[in-house]
4 protein chains.
Amino acid sequence: MLPRRLLLPIAPLLSLPSSAASFSSSSSSSSLSTSRPPVALVVGVGDGIGASLCRKYLQESYQVVAVRRSEGGLDELSEELSSDAFHPLSLDARKEEDVDAAFNHALSLGPLSAVVHNIGANIKFPISETTPRKFQKVWELAAFSAYLTGRAAAAHLAPSPPPHSPRSLIYTGATASLRGGSGFAAFAAAKAGVRSLAQSLARELGPSGVHVAHVVVDGAVDTRWVRENFGAAVEKAPEGALVDPGAVADAMWFLHNQPRCAWTHEMDLRPYCEKW
Amino acid sequence: MLPRRLLLPIAPLLSLPSSAASFSSSSSSSSLSTSRPPVALVVGVGDGIGASLCRKYLQESYQVVAVRRSEGGLDELSEELSSDAFHPLSLDARKEEDVDAAFNHALSLGPLSAVVHNIGANIKFPISETTPRKFQKVWELAAFSAYLTGRAAAAHLAPSPPPHSPRSLIYTGATASLRGGSGFAAFAAAKAGVRSLAQSLARELGPSGVHVAHVVVDGAVDTRWVRENFGAAVEKAPEGALVDPGAVADAMWFLHNQPRCAWTHEMDLRPYCEKW
Amino acid sequence: MLPRRLLLPIAPLLSLPSSAASFSSSSSSSSLSTSRPPVALVVGVGDGIGASLCRKYLQESYQVVAVRRSEGGLDELSEELSSDAFHPLSLDARKEEDVDAAFNHALSLGPLSAVVHNIGANIKFPISETTPRKFQKVWELAAFSAYLTGRAAAAHLAPSPPPHSPRSLIYTGATASLRGGSGFAAFAAAKAGVRSLAQSLARELGPSGVHVAHVVVDGAVDTRWVRENFGAAVEKAPEGALVDPGAVADAMWFLHNQPRCAWTHEMDLRPYCEKW
Amino acid sequence: MLPRRLLLPIAPLLSLPSSAASFSSSSSSSSLSTSRPPVALVVGVGDGIGASLCRKYLQESYQVVAVRRSEGGLDELSEELSSDAFHPLSLDARKEEDVDAAFNHALSLGPLSAVVHNIGANIKFPISETTPRKFQKVWELAAFSAYLTGRAAAAHLAPSPPPHSPRSLIYTGATASLRGGSGFAAFAAAKAGVRSLAQSLARELGPSGVHVAHVVVDGAVDTRWVRENFGAAVEKAPEGALVDPGAVADAMWFLHNQPRCAWTHEMDLRPYCEKW
């Protein structure tokens, strides 16, 4: 099978006019175009929250664009989902041109309704081992990608609202978004930055109808990686001690659909037995 | 029509054994009793969030107990709802015996699943006009009633969980829960106290399966009182500038149903155009 | 020796004109009166922070009024200080008339410059053992007394500023001021309330030149009570693990003297080795 | 006069052994070396807070190393201070080698006791005008330099404490450290990141005796730039409406000298008449 990367409709993307123009022209062109299903773009899709978001939005009849950095990293999910409405892209969310490509792809499919930024970079090192390169890499991965996604979302969610359809930009936060713990200088600085970015965008974009939210996941998420690396602890933990990524997706779906008279900017999600 | 107050089954309440005992015996007595629909108790029901909560829980087939202080204050809602599953009580949530009576009534109807404390006391006075009496009254109304409700909820939600059914205690917060604004010494002190109480109860009761949440409503709610007193401002405001109480009820219903692996303790709700 | 209570100049207090009037007349009457040293009033004086504050203000040539509830509770400190400038009062800060008496006494001595509220009520109980009486008592002790002190300070610090002299109202906070821990429903609710009260007063009174601050002491203070009850733990702890009450007094003295162009509203104080 | 840059003792710096080694050897070598006055390093010195810090530490008999990016930018201050104990360096705090050079220079002068990071990058742009380059520049200037400074401070303040002498690392924060306002996506993200970094370092380094603090300056500081750009507003403002940078320096000096049993991690500073 061909690598996913090669399957991307690169050419059409490159020939797109500027995305905002493209979007508004398509949405105004005919009733046909406005009847296309809405599009959700998930930046940062592994086997946890990102994958659950894709499942959720597909189930709700959205076109779903999923971004992951690694080549082939979305193959398994593609096979599972087996849907024409699922559009995996292997792109690097730290690069402006890649983020633009992802948005352009999404805009080519229909009216962009939901954007989720779901990239963490959870590392723990004493400050003496937090090299400049590590500090910068963590920031680029978690925070710069969040900014690039937010800027593009501001441009493409805002201008041409299909009437009454929700338009949201949601960030996945973590414990470190709120607390600078010992050993988390790099990760906490990046995640606190994302939180503040989200707050700023919420205040700036809210009045024009774009709902920006920040979801603080305060607990270990039930992923393959967690089970492989913390298997013993997971075995001993009571049922419900790991955050089901599907529950996070449900919460984000709920936020996406809130009426504009009652938007949530921030909510936490935490297992019932988590210490906090 | 008779005032609702007279329709209350007062005598049975007084003859109830201690409520916890009553609850566990009834829930263990037979399959019949466990098949009774769950009960929601809403403390503080006016024509806004409280009324919407009652509608929501009725619609979801709960038995609903509504508490309001004033005699007859729930007549209009009763007529509107016109349901045997709606149980209005005119009781004073600042009094231990009244709160106990409300819980006993709820427990007599079936398994207690949802408790909401929805009492504010939004007053604004310079400190020089905030008399000891006012300060104390606001605290009793907003905070002491929250404690009484929380203590009873801890006793009655916790011990006998119908398997897999949600058990939640939700507090309605306000802007003043997070911020002590000028002129809000009494109100902000009370609401910040409630927020801290909710946090403490969340940490204490979470591990035993009781979900405690605090919902910060940061905006004016669309009630009769607001429209009567701020009519001009409401006229001029854009659509969606007032919080629809139904949207708050929907958010609380969402919280109530979160799986225990991903509970929210705090979320805000705010109109898209609200300054914050 | 006579109980302290009997030594209070009750009669003069009762015959005072309204305190604000009294204060402004005395301060404008003559150069003699304005040359009187400033007065500090400390509400809540045990052998810890309160006693250190008294020492500090005496050392800085203030007249010091110290309030403690228990009869004779200030005898030992009086003997230690052995100063005519120290004025111990056994009064109950939960009672309006007692707080007024304390302020009137302070105002009779000279221009009121510093007010500190230093009353905690640190108890820990599961919610099931937090009776209504306990919840209310903790609130009265920690929060209602804070309100009464704040209201009187607003009245008596504000109106007649001796030029360029600092006027401050400082609250002693605790870990529970910021966090509702499990088992701290009563204490945390009260202390969070005080924090919000302080914030509200800071915003209301700041523009008229009254500096309101909240000092969060996040650690065990080195008092006789702590050493008696946690002796073993204290023995094992490294030097500096207990907060020296003198260091808290120094911090409050620093706050008191901040120029009005750079006031601190909130600061934390914590031993270097404290987990947080 | 020669540009300051050329006056730097570059050669000695380059020939230094690794700085930690250099520091511990010098401090252990003789009683003579330990009697050298302590050194303060201020990263980010303009005509405001940074300059005031230099004055303060000189006045307290410290050797002071001042870092500013621009060539000649410290000439005026040098002339004013006219002291052999003042060591201006034109270095770029965003560059690892420059930060290391600054620390090496400081270490060559005596025991490093105080480090202050005082770099903001206050810009305001709508997200649509916040280009990737701007976002990154702001982050580098405010946050990456804060990390580089923090990492070096951790290495050089920690290992060889002159007994009982204070060792502190203090960050200057701003309103945006706590709040992501509309239009401040870049600045707020960077400053919130610094705040979280400071918190993380405080938790990591505190137990080894390095005091890390974060001072939130919530108001306009009285600098030449502010007076030139907001002259009209400054004229109309009441006395005390601008933060005197000397008052900030005093607060930081107070923090630097706190005993380790009562350290402040965060404090705000705000004019009495500031809205907040």
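Analysis parameters
- Residues numbered from 1 in each chain as written.
- Chains lettered and ligands numbered in written order.
- Predicted model: local features only at pLDDT ≥ 70, side-chain atom pairs only at ≥ 80, totals over all residues.
- Heavy atoms only, no water.
- Disulfide = S-S within 2.5 Å.
- Least-squares fit on C-alpha atoms with pLDDT ≥ 70 in both.
- Contact = heavy atoms within 4.5 Å.
- Helix = DSSP H or I, 4+ residues; strand = E, 2+ residues; numbered from the N terminus.
- Expected span 1.5 Å × (residues − 1).
- Buried < 20%, exposed > 50% of the residue type's maximum accessible area, 1.4 Å probe, protein only.
- Polar contact = N/O pair within 3.5 Å; in protein donor to acceptor, adjacent residues only side chain to side chain.
- Axes fitted to C-alpha atoms, helices over the stretch in contact; angles between N-to-C directions.
- Left-handed = near helix turned anticlockwise from the far one by under 90°.
- Pairing = 2+ DSSP bridges.
- Buried area = accessible area lost by both parts, 1.4 Å probe.
- Salt bridge = Lys/Arg side-chain N within 4 Å of Asp/Glu carboxyl O.
- Nonpolar A, V, L, I, M, F, W, Y, C, P; charged D, E, K, R; others polar.
- Phe/Tyr/Trp six-rings, centres within 6.5 Å; stacked < 30°, edge-to-face > 60°.
- Lys NZ or Arg CZ within 6 Å of the ring centre and 35° of its normal.

J.: How do you make sense of the state of the cysteines when you look at a structure like this?
T.: Note on terminology: disulfide describes a covalent bond linking the sulfur atoms of two cysteines. According to the stated counting rule, one finds zero disulfides over all chains in the structure shown. Not part of a disulfide, Cys 273 of chain B finds its nearest cysteine sulfur in Cys 261 of chain A, a span of 9.7 Å.

J.: Before we go on, may I ask you to explain the relation of the copies chain C and chain B in this structure?
T.: Both copies of the chain are placed relative to one another by a rotation about an axis and a shift along it. When chain C is fitted to chain B, the best match, at an RMSD of 0.0 Å, comes from turning it 180 degrees and sliding it 0.0 Å along the axis. One copy is carried onto the other by what is essentially a two-fold rotation axis. Relative to the rotation axis, the C-alpha of Gly 193 of chain C is the closest in chain C, positioned 2.3 Å from it. Same-surface contact between copies: 100% of interface residues of chain C are shared with the interface of chain B.

J.: Is there a simple way to think about helix H7 (residues 96-109) of chain B in this case?
T.: An α-helix turns once every 3.6 residues. As a result, residues three or four positions apart point the same way. A rise of 1.5 Å per residue sets the reference length of H7 of chain B, with its 14 residues, at 20 Å; its end C-alpha atoms lie 20 Å apart and thus fit the reference within 8%. Of all the residues in H7 of chain B, the buried ones are Asp 98, Val 99, Ala 102, Phe 103, Asn 104, His 105, Ala 106, Leu 107 and Leu 109 of chain B.

J.: Got a minute to help me understand the relation of the copies chain D and chain A in this structure?
T.: With an RMSD of 0.0 Å, chain D superimposes on chain A once it is rotated by 180 degrees and translated 0.0 Å along the axis. The share of interface residues of chain D whose copies in chain A are also at the interface is 100%, consistent with both copies meeting through the same surface.

J.: Would you mind showing me how to read the side chain of Asp 268 of chain A here?
T.: Its place among the elements puts Asp 268 of chain A in strand E7 (residues 266-269). Only 3.3 Å separates the side chain of Asp 268 of chain A from the side chain of Arg 270 of chain A, close enough to count as a polar contact. Apart from the residues within four sequence positions on either side, Asp 268 of chain A is in contact with Val 216 of chain A together with Trp 263, Thr 264, His 265 and Glu 266 of chain B.

J.: How should the packing of H7 of chain B against helix H8 (residues 132-157) of chain B be read in this particular structure?
T.: Packed helix pairs are specified by the crossing angle of their axes together with the interaxial distance, meaning the distance between the axes. All names here are of chain B. Relative orientation of the contacting elements H7 and H8 amounts to 35 degrees, with a least axis distance of 10 Å. Relative to H8, the crossing made by H7 is right-handed. Residues Glu 96, Val 99, Phe 103 and Leu 107 of H7 form the contact with H8, whose participating residues are Leu 148, Thr 149, Arg 151, Ala 152, Ala 153 and His 156.

J.: What is the right way to read the pairing of strand E1 (residues 39-43) of chain D from this model?
T.: Regular strands place their side chains on alternate faces of the sheet. All names here are of chain D. Burial within E1 is extensive, with five of its five residues counted as buried. Burial along E1 is two-sided: Val 39, Leu 41 and Val 43 facing one way and Ala 40 and Val 42 facing the other are all buried. As paired elements, E1 and strand E2 (residues 63-68) share five bridges and run parallel to each other. By the bridge assignment, Val 43 is partnered in E2 with Val 67.

J.: For this particular structure, what's the right way to read the interface of chain C and chain B?
T.: How big an interface is tends to be stated in terms of accessible area lost as the parts join. Contact residues are listed per partner, giving 37 residues for chain C and 37 residues for chain B. Summed over both sides, the interface of chain C with chain B buries roughly 3,000 Å², with 62% coming from carbon and sulfur. Taken together, the links from chain C to chain B amount to zero salt bridges. Counting the contacts that link chain C with chain B gives 20 residue pairs in polar contact (both at pLDDT 80 or more). If you list the elements that add at least two residues to the side of chain C that touches chain B, you get helix H7 (132-157), helix H8 (175-178) and helix H9 (185-205) of chain C. Here the side of chain C that touches chain B gets 13 residues from one element, more than from any other, and that element is H9 of chain C. Considered class by class, the residues forming the side of chain C that touches chain B number 21 nonpolar, 11 polar and five charged.

J.: I would appreciate a short explanation of the packing of aromatic side chains in the present structure.
T.: Each aromatic ring pair is characterised by the separation of its centres together with the angle its planes make. Under the definition given, this model contains 44 aromatic pairs over all chains. Summarising the aromatic geometry, the rings of Phe 135 of chain A and Phe 144 of chain D are spaced 6.3 Å apart at their centres and angled 40 degrees between planes, so their arrangement reads as tilted. One end of the pair, Phe 135 of chain A, is in helix H8 (residues 132-157); the other, Phe 144 of chain D, is in helix H8 (residues 132-157), on a second chain. By relative accessible area, which is 3% here, Phe 135 of chain A ends up buried. Residue Phe 144 of chain D is classed as buried on the basis of its relative accessible area, which comes to 7%. For the ring pair Phe 254 of chain C and Phe 254 of chain D, a centre distance of 4.3 Å and an interplane angle of 10 degrees mean the geometry is stacked. Of this pair, Phe 254 of chain C sits in helix H12 (residues 245-256) while Phe 254 of chain D sits in helix H13 (residues 245-256), on two different chains. In this structure Phe 254 of chain C comes out as buried when scored by relative accessible area, which is 17%. Above the plane of the ring of Phe 125 of chain A lies Lys 134 of chain A, whose end atom (NZ or CZ) is 3.5 Å from the centre.

J.: Help me understand unusual backbone geometry, please; the structure alone is not making it clear to me.
T.: The phi torsion of most residues other than glycine is negative, and most of the peptide bonds are trans. Phi is positive for Ser 82 of chain B, which is not a glycine, with a value near 45 degrees. Take Ser 82 of chain B: it is sitting in the loop between helix H6 (75-81) and strand E3 (86-90). One non-glycine residue, Ser 61 of chain D, adopts positive backbone phi at about 70 degrees. With respect to the secondary-structure elements, Ser 61 of chain D resides in the loop between helix H5 (49-59) and E2.

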